[in-house]
Amino acid sequence: MAASVLLMCKYGEVTLVVMVTKGFGFNDLVQSICNKWENLASSKFGLLYVVADHHSCVLDNNEDFGCMIALAAAYGVNCIDVSVGIISSSVIECGKSLATQNGECGGSFEYVIQKIERQLCNYINPYYTVAAFQLSYEVAINPTPTLGAPVVTKESAIILPPKTRRPKVARIRSRGEKVRQLKCGRCGKLGKHNRRTCKEACD
């Protein structure tokens, strides 16, 4: 490392200056912050840094730390601003309570954007803008053509029941199966009928 880099770690209204020398890494930075602010735990705060035009860069491990130093060397920067923020369920408190004295929400995204004097619209996806919504309906929507649709008349609109045949009563017997002759109890003849279906004339 050609020159030492100073990290301006700000938490609330207090700034901790940390000098990055050879062999200094991410864990050393976390330890320095915890030694300065004893109420912070390493698992409950996050780090963001700014180098040149690169804002809100995440500093979470040794790889991020190396990228930060390389980025500072590329831009010739010897002083890097690092923000220390407490990570809650939905916001980073930035070293302040959620409710400020004037009633504003100190941890909301909109509040933070206003404090750093930036435009909120720059952090919103263009998909959710009014211009994108209007662009979706810029092309005229024509009605669906009916050239390929069938012609429906009054007669064809009547739905008739399906044509069915009376099902077979006798089952299909296997080859070689013997048919047992039935003796009618009314006429006394052998055949395929019984007393109920008998049609023979009797005296």
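Please refer to the structure higher up on the page.
Remember, it's a predicted structure, so these values are computed and weren't measured experimentally.

Here is what the cut-offs are and how they apply
Residues numbered from 1 in each chain as written. Predicted model: local features only at pLDDT ≥ 70, side-chain atom pairs only at ≥ 80, totals over all residues. Heavy atoms only, no water. Phe/Tyr/Trp six-rings, centres within 6.5 Å; stacked < 30°, edge-to-face > 60°. Helix = DSSP H or I, 4+ residues; strand = E, 2+ residues; numbered from the N terminus. Buried < 20%, exposed > 50% of the residue type's maximum accessible area, 1.4 Å probe, protein only. Salt bridge = Lys/Arg side-chain N within 4 Å of Asp/Glu carboxyl O. Expected span 1.5 Å × (residues − 1). Arc of directions from axis to C-beta. Contact = heavy atoms within 4.5 Å. Polar contact = N/O pair within 3.5 Å; in protein donor to acceptor, adjacent residues only side chain to side chain.

Engineer: Lay out the packing of aromatic side chains with the relevant residues and their values.
Structural biologist: Tallied over the full model, the rule gives 4 aromatic pairs. Seen in terms of ring centroids, Y11 and W37 are 5.4 Å apart; in terms of plane orientation they differ by 65°. Their pairing is edge-to-face. Linking Y11 in strand β1 (residues 5-11) with W37 in the loop between α1 (26-36) and β3 (45-51), this pair joins segments that are 26 residues apart in sequence. For the pair shown, Y11 and W37 are each scored as buried. Ring centres of F133 and Y137 lie 5.4 Å apart, and the angle between their planes is 55°; this geometry places the pair in the tilted category. When sorted by exposure, F133 lands in the same class as Y137, which is exposed.

Engineer: I'd like a description of the pattern of salt bridges, backed by residues and values.
Structural biologist: Counted under the stated rule, the structure contains 3 salt bridges. Residue R173 pairs with E177 through a salt bridge whose shortest N-O separation is 3.5 Å. Among the residues examined, R173 registers a relative accessible area of 43% and is labelled partly exposed. The class for E177 is partly exposed, based on a relative accessible area of 32%. Between K189 and E200 there is a salt bridge, and its shortest N-O distance comes to 3.5 Å. Placement of the pair is K189 in the loop between β6 (182-183) and β7 (190-191) and E200 in the segment after β7, with a sequence separation of 11 residues. Judged by its relative accessible area of 34%, E200 falls in the partly exposed class. Linked through salt bridges whose partners overlap, the residues forming this network are R171, R173 and E177.

Engineer: Residue-level account of helix α2 (residues 62-75), with values.
Structural biologist: The terminal C-alpha atoms of α2, which comprises 14 residues, lie 20 Å apart, in line with the 20 Å expected from a rise of 1.5 Å per residue. Within α2 the residues assigned to the buried category are D64, F65, M68, I69 and A72. All buried residues of α2 project into a common sector of 140° when viewed along the axis, lining one side. What points out from α2, more than 90 degrees from its buried face, is the exposed set E63, A73 and A74. Contacts from the buried residues of α2 go to β1, β2 (14-20), α1, β3, β4 (54-59) and β5 (79-86). Between the side-chain oxygen at the start of α2 and the backbone nitrogen of E63 there is a gap of 3.2 Å, and the oxygen is on N61. One or two positions beyond α2, positive phi appears at G76, with a value near 70°.

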